Amino acid sequence: MKSLFIVHIIFLLSLYNYGNAQELKSPNGEFEMKFSLEDDGRPTYQLSYKDQEVIKPSYLGFELKDDDTSLVNNFKISDTNTSTFDETWQPVWGEEKDIRNHYNELAVTLKQNKTNRIMRIRFRLFDEGLGFRYEFPKQEHLVYFVIKDEKSQFAMTGDHTAFWIPGDYDTQEYDYTKSKLSEINEKFDNAVTGNASQEQFSKTGVQTALMLKTDAGLYINLHEAALLNYPCMHLNLDEDTMVFESWLTPDVNGDKGYMQAPCNSPWRTIIASDDARDILKSKITLNLNEPCAIEDTSWITPVKYIGVWWEMITGKSSWSYTDELPAVQLGITDYSKVKPNDTHAANNTKVKRYIDFAAKHGFDGVLVEGWNEGWEDWFGKSKDYVFDFVTPYPDFDVDEIHKYAKSKGVKMIMHHETSGATRNYERHMEKAYQFMKDNGYDAVKSGYVGNIIPRGEHHYSQYIVNHYQYAIEKAADYEVMVNAHEAVRPTGICRTYPNLIGNESARGTEFQAFGGSKPNHVTVLPFTRLIGGPMDYTPGIFEMDISKLNPDNNSHVNSTIANQLALYVTMYSPLQMAADLPEHYEQFMDAFQFIKDVAIDWDKSIYLEAEPGAYITVARKEKGSNSWFVGNVNGTTPRTSTIKLDFLDEGKKYEAIIYADAKDAHYKTNPQAYKIKTKKVTSRSKLSHLSVPGGGYAISIKEVN
Ligand code: NOJ
Ligand code: CA
């Protein structure tokens, strides 16, 4: 399957070596990375692109706990190794059928004077940017160590514009703030307002993937790849010097990472281009992860699903079976003895209706949350409540539902809300996954709402990062696909474990039911959160006035229907939900047709237009077919998007169905106004459409004979 060409050469053209300094060039020569040791033996690197500085000289190293020496200086170069790598691999699912992994590499082995400790820094320079990581080979003088601080710097060349969210250790579910770097501090508290865990911050920090734009029009993205057995990195800014420094999520004791050589850090990534589309196109994050570790991947399939979810998120229906507090609070263990409320969503009758709707319209799966005992205790007084993941409420018959879904050709999707109790989940995991297999479930949406139990740990500390990974790998043993909400933001691990088909780890559609999100939010996410992997964004909302579902909820979905359709293309994910209620889709069957038609796995993706915070237009070719789908999402300013269809095969004829905003549409005042047009097109066609504030368009293109 895989074509693999590894050539180890001393490539004189791309590497210069003079004393304590080394230079590395990207395969196309546009990027140049310089590594050097300062006089005191302190490692530094710098990066340029097309002769422009991207990263000014920046230090690398570590402070260690209980250690006077640390790993910041007094190094000498003991060895350097260069190589070039060029491989094309095929992901199990993805934006592309073939992904090229092409880079030049420099590995500098450093030895610290006196301590004789060895630290290797490995740089990989791609045509899209740089990845580097620290490696600690097996050695005599450094075996077990605790990281006090990682000191990786990213020195900015000026006061760039940034799209950022606060450096919270427990949530990423924020609206993005666009500001100058120099304004982060002043805008920080305002950016935090409204989110839960206000004590748990790196106070001057922002999260990655961080999207930046320089005044000269250079786009820079900072993130990490292959976050394994290590805490998640935030970036702290020194406003005086405009230097970002890595800030690792601490554990309960304030320690950062427990290490045992041989070991390594995740990759730190810097993607840069003068064309914003290249940031979206980059495959650096995936390429810096290890190849697929699962031998037989035939059970991993993209999933389009609906679910009994939006009713609960909007407050129309409840997760809980009863309004009383039964089990823990009242000492009652038998739910059939308590008074049911009349709002419990996960009941046999309603779930069968959803299964019927899924079967009728060709969806693969139905997600049911609130099916298991304990939600009233957890929502009620007991923030320490833990679930067992196998005990259904009396009105949800797992076996009956399984048989019914099977008879209709629909798969049920499991839900495991862990209540943040990671150790409890680990204890129940094998039983819970086995329960899924016994009852016809192949995929689980898991969740980590609330403070982590054990208390004092954070969602992004090393110990909890290891938990998420444990859940993914254990799931693979059971052939279970995972979609983890509130888990650490992804870093391309889905290359190695493609059963990780989704994550939330950002502000998803649910926030549209908690007051709303900024109308341009979806023009930022692909530049930030999606750099690490697909998001279970749960699009497809057609009824924007939430008070129509729940009179006590005045939220408004800040998006037009055409924008919601476009999200299936612009927010790449092999897992796509049609989140709204069947009765809302039934009111707009012509628009719903796009959600039914749109593919979820692709041979090719072409970013046609992009500007963070303003607009994104992408065309994707369906896997194994000649059909294309185009999506455009727009920010807050009305804009005409003009695209050429020159990606279509020359000489062939196609029919395009265009779902666009009506002229008078607007995310706030007229979100449901759209128009649908059918048009004959070829590779010579050019299309122009007005996208209104919070709007966009979606197009499906099929070949006709
Ligand atoms: C928050 C998740 O994002 C949401 O999708 C889920 O339904 C609730 N937690 C309950 O687990
Ligand atoms: Ca969430």
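Computed from a prediction, not measured in an experiment: that's the story for all the values here.

Analysis parameters
- Residues numbered from 1 in each chain as written.
- Chains lettered and ligands numbered in written order.
- Predicted model: local features only at pLDDT ≥ 70, side-chain atom pairs only at ≥ 80, totals over all residues.
- Heavy atoms only, no water.
- Helix = DSSP H or I, 4+ residues; strand = E, 2+ residues; numbered from the N terminus.
- Rg over C-alpha atoms; globule rule 2.2 N^0.38 Å.
- Contact = heavy atoms within 4.5 Å.
- Areas by Shrake-Rupley, 256 points an atom, 1.4 Å probe, with all protein chains shown as cover.
- Lys, Arg positive; Asp, Glu negative; His and termini not counted.
- Charge placed at Lys NZ, Arg CZ, Asp CG, Glu CD.
- Donors = N, O, S within 2.8 Å, 3.2 Å for Na, K, Ca; no water.
- Buried < 20%, exposed > 50% of the residue type's maximum accessible area, 1.4 Å probe, protein only.
- Core = buried A, V, L, I, M, F, W, Y, C linked by side-chain atoms within 4.5 Å.
- Patch = residues over 30% accessible without salt bridge, like charges linked within 9 Å, V, L, I, M, F, W, Y side chains within 5 Å.
- Salt bridge = Lys/Arg side-chain N within 4 Å of Asp/Glu carboxyl O.
- Axes fitted to C-alpha atoms, helices over the stretch in contact; angles between N-to-C directions.
- Parallel < 35°, antiparallel > 145°, perpendicular 65-115°, else oblique.
- Nonpolar A, V, L, I, M, F, W, Y, C, P; charged D, E, K, R; others polar.
- pLDDT = per-residue confidence, 0-100.
- Near = heavy atom within 4 Å.
- Polar contact = N/O pair within 3.5 Å; in protein donor to acceptor, adjacent residues only side chain to side chain.
- Pairing = 2+ DSSP bridges.
- Phe/Tyr/Trp six-rings, centres within 6.5 Å; stacked < 30°, edge-to-face > 60°.
- Lys NZ or Arg CZ within 6 Å of the ring centre and 35° of its normal.
- Expected span 1.5 Å × (residues − 1).

Draft legend 1. Region of interest: the overall build of the protein chain. Looking only at helices and strands, the protein chain features 14 helices and 39 strands. Radius of gyration (C-alpha) of the protein chain: 25 Å, near the 27 Å computed for a compact globule of 705 residues. With the C-alpha coordinates aligned to their principal axes, the bounding extent of the protein chain is approximately 75 × 70 × 50 Å. Counting only contacts in the protein chain whose residues sit at least 6 apart along the sequence, the fraction spanning at least 24 positions is 71%. By element, 47% of the accessible surface of the protein chain is carried by carbon and sulfur atoms, the whole surface being about 26000 Å². The positive charge centre, built from 75 side chains, and the negative charge centre, built from 98, are 4 Å apart in the protein chain.

Draft legend 2. A look at the coordination of the calcium ion (ligand 2). Here the calcium ion (ligand 2) is held by the protein donor atoms E173 (OE), E173 (OE), E486 (OE), E504 (OE), E504 (OE) and E510 (OE), which lie 2.3 to 3.0 Å from it. One chain supplies every donor for the calcium ion (ligand 2), spaced along it as E-x312-E-x17-E-x5-E. Highlighted residues: E173 in the loop between β15 (166–168) and β16 (177–180) and E486 in the loop between β29 (481–484) and β30 (500–503), separated in sequence by 313 residues. No difference in accessibility class separates E173 from E486, as the two residues are buried.

Draft legend 3. Up close: the nonpolar core. Formed by 198 residues in total, the largest nonpolar core has its most connected members in F123, I270 and Y433. No other element matches the seven residues that helix α10 (residues 462–477) contributes to this core. Core analysis: the next-biggest nonpolar cluster, separate from the first, contains 17 residues, L648, A656, A660 and I699 among them.

Draft legend 4. View of a positive patch on the surface. On the surface, K663, K675, K677 and K679 cluster together to form a positively charged patch. Mapped onto the elements, K679 comes out in strand β37 (residues 674–681).

Draft legend 5. Spatial organisation of the pattern of salt bridges. Counted by the stated rule, this structure contains 39 salt bridges. Of the charged contacts in the structure, one is a salt bridge between D334 and K337, with a shortest N-O distance of 3.0 Å. Here D334 falls in the partly exposed class, since its relative accessible area comes to 30%. The structure contains a network of salt bridges with shared partners spanning E105, R120, R122, R124, R133 and E135.

Draft legend 6. Looking closely at the packing of helix α12 (residues 561–570) against helix α14 (residues 589–597). Close contact between α12 and α14 brings their axes to 10 Å; oriented N to C, the two are set at 10 degrees. In terms of axis orientation, α12 runs roughly parallel to α14. Contacts between α12 and α14 involve I561, L565, Y568 and V569 on the former and, on the latter, A591, F594 and I595. Split into classes, the residues belonging to the contact of α12 with α14 amount to seven nonpolar, no polar and no charged.

Draft legend 7. Layout of the confidence of the model for the protein chain. Here the protein chain shows a mean pLDDT of 94. Residues at 70 or above account for 95%. Across residues 1–16, confidence stays below pLDDT 50; counting only partners more than four residues off in sequence or on other chains, it has 34 contacts.

Draft legend 8. Representation of the site of ligand 1. Around ligand 1 sit W309, W319, E369, W375, H415, E417, K445, V449, H485, E486, E504 and E510, and that is every residue in its neighbourhood. One nitrogen or oxygen atom from the side chain of E417 is found 2.6 Å from an oxygen atom belonging to ligand 1. One of the side-chain nitrogen or oxygen atoms of K445 is found 2.6 Å away from an oxygen atom of ligand 1. Contact with the protein chains hides 93% of the accessible area of ligand 1, taken as 290 Å² for the molecule alone. Among the residues forming the shell around ligand 1, the class breakdown is four nonpolar, two polar and six charged.

Draft legend 9. Broad picture of the sheet that holds strand β12 (residues 144–150). Read across the sheet, three strands follow the order β7-β12-β22 without closing on themselves; strand pairing throughout is antiparallel. Each of the sheet's edge strands pairs with one partner strand only, and the pair in question is β7 (62–64) and β22 (257–260). Shown here is a sheet whose adjacent strand axes are inclined to one another by a mean of 45 degrees, direction ignored.

Draft legend 10. Highlighting the environment of T157. As for its position among the elements, T157 is in the loop between β13 (153–155) and β14 (161–164). Measuring from C-alpha to C-alpha, the distance between T157 and T214 comes to 8.3 Å, with 57 residues separating the pair along the chain. Non-local contacts of T157, meaning those with residues more than four positions away in its chain, are made with E53, V54 and K56.

Draft legend 11. Layout of α12. Taking burial as the measure, the ten residues of α12 include ten buried ones, the bulk of the element. Taken together, the buried positions of α12 are I561, A562, N563, Q564, L565, A566, L567, Y568, V569 and T570.

Draft legend 12. Looking closely at the packing of aromatic side chains. Throughout the structure, instances matching the rule amount to 43 aromatic pairs. Ring geometry for W628 against F647: centres 4.6 Å apart, planes inclined by 40 degrees, an arrangement best described as tilted. In this pair, W628 sits in strand β34 (residues 628–634) while F647 sits in the loop between β35 (639–644) and β36 (653–661), placing the two residues 19 residues apart along the sequence. Residue classification places W628 among the buried positions, given a relative accessible area of 2%. Grouped by ring-pair contacts, the aromatic residues F35, Y45, F62, F123, F132, Y134, F136, F145 and F154 constitute a single cluster. Seen from the ring of Y59, R42 lies directly overhead, with NZ or CZ sitting 4.8 Å from the centre. Against the face of Y615 rests R639, its NZ or CZ located 3.4 Å from the ring centre.

Draft legend 13. Just α10, in detail. Between the first and last C-alpha of α10 there are 23 Å, a value that for 16 residues agrees with the 22 Å anticipated at 1.5 Å per step. Residue E479 follows α10 closely and has a positive phi angle near 55 degrees.

Draft legend 14. View of the side chain of N550. In this fold, N550 is placed in the loop between α11 (521–524) and α12. Using a relative accessible area of 11% as the deciding quantity, one classes N550 as buried. Within the local environment of N550, its side chain forms a polar contact with the backbone oxygen of T314, the two atoms lying 2.9 Å apart. Each residue touching N550, except ones within four places of it in the same chain, is listed here: T314, G315 and K316.

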